[in-house]
Amino acid sequence: MTAVPPPVRPCILLVEDESGIADTVQYVLRSDGFVPVWCPTAGEALAAFAAELPALAILDIGLPDMSGFELFKRLQALPGGAAVPMIFLTARSDEIDRVVGLELGADDYVAKPFSPRELVARVRTILRRSERGSGAAATGPVALVPLPADAPATPAAPLRIDDEKRQIRYYGQPLDLTRYEYRLLCLFVQRPGRVYTRDELLEMVWDDPAASIDRTVDAHVKTLRAKLRAVVPGLDPIRTLRGTGYALCEDLPAVRPA
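Quick notes on the rules
Residues numbered from 1 in each chain as written. Predicted model: local features only at pLDDT ≥ 70, side-chain atom pairs only at ≥ 80, totals over all residues. Heavy atoms only, no water. Axes fitted to C-alpha atoms, helices over the stretch in contact; angles between N-to-C directions. Helix = DSSP H or I, 4+ residues; strand = E, 2+ residues; numbered from the N terminus. Parallel < 35°, antiparallel > 145°, perpendicular 65-115°, else oblique. Left-handed = near helix turned anticlockwise from the far one by under 90°. Contact = heavy atoms within 4.5 Å. Nonpolar A, V, L, I, M, F, W, Y, C, P; charged D, E, K, R; others polar. 1 Å grid on protein atoms, 1.4 Å probe; cavity = no way out; pocket = protein on both sides within 12 Å on 5 of 7 lines; lining within 4 Å. Points joined across faces, edges and corners; volume = space filled by probe spheres on them. Buried < 20%, exposed > 50% of the residue type's maximum accessible area, 1.4 Å probe, protein only. Pairing = 2+ DSSP bridges.

**Q** Kindly report on the packing of helix α2 (residues 42–51) against helix α3 (residues 68–77), identifying the contributing residues and their values.
**A** The geometry of α2 relative to α3 is characterised by a closest axis approach of 10 Å and an angle of 15° between their N-to-C directions. Judged on the interaxial angle alone, α3 and α2 are roughly parallel. As α2 packs across α3, the resulting crossing turns out to be right-handed. Between α2, through Ala42, Ala45, Leu46 and Phe49, and α3, the contact on the second element is made entirely by Leu71, Arg74 and Leu75. Across the contact of α2 with α3, the residue classes break down as six nonpolar, no polar and one charged.

Written out as structure tokens, the structure is:
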């Protein structure tokens, strides 16, 4: 009789410089079946992350050698990093810090003091969402109709979706997008000119709409716009309809403006 191998325990990267907090979080993670990897500095976290991708990362913002926000961006830039869910853990509870974290593409934001059990519950919820999204469809809730490489010119022709690579090209240049930026732009490309309210975008793009706020949509559209403008500075493909929502422009030029 063939022995059944034990289930793989998900690895959770914990980046926290306060040993007391780290010990408590590691204990509850282990108790819940996770394998915590504790790094007290950003430098150690980058090395551990590069050596083995975790299932999820918990990042303190106030690290001794680097801001947690900067660490987040560096981790995202590592191979496979953009697919790893991340939670910010911080003593700062101001709304501006939460918005900055959401703009960067974090999956959650937990302010100290916090309940370790609640933190682990959030970890489990995010991992379930990630597994559900990757299992049901690579792009999550958005139902895509990918554009073939030789598709004829259409109003959204400058934006090309490669669903297999989870990549979007804008006037031939690949965009470096977070998970939700990718889903948002995919949705816009499907229906140029169609106006989506913030509530519709939360429902159609986000894994857990009830856990998000209107500012979450605004923050992601803002960063998405910045990445599009970096390719063509004088063109804004996303229209804002004040009090309503957002839409992709229908009259985008087929050839990249000079």
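**Q** How would you sum up the layout of surface pockets? Please name residues and give values.
**A** Volume-wise, the second largest pocket comes out at about 330 Å³. Lining the second largest pocket are 17 residues; nearest its centre among them are Lys73, Gln76, Asp176, Thr178 and Lys227. Among the secondary structure elements, those contributing two or more residues to the lining of the second largest pocket are α3, α4 (95–104) and α8 (214–231). Examining the composition of the lining of the second largest pocket, we find that four residues originate from one element, α3, more than from any other. Its residues assigned to classes, the lining of the second largest pocket shows seven nonpolar, five polar and five charged.

**Q** Can you explain unusual backbone geometry? Please cite residues and give values.
**A** Note the cis peptide between Lys112 and Pro113, where omega equals -5°. Its place among the elements puts Pro113 in the loop between β5 (108–111) and α5 (116–136). You will see that Tyr171, though not glycine, has its phi angle at about 50°, which is positive. On the basis of relative accessibility, which here comes to 13%, the residue Tyr171 falls in the buried class.

**Q** Let's hear about the sheet that holds strand β7 (residues 167–170): which residues, and what values?
**A** Spatially, β6-β7-β8 is the arrangement adopted by the three strands of the open sheet, whose pairing is antiparallel. Since the sheet does not close on itself, it has two edges, and those belong to β6 (159–162) and β8 (173–174), each with one partner. Where β7 and β8 come together, two bridges link them in antiparallel fashion. Its bridge partner being in β8, Arg169 is matched across the sheet by Pro174.

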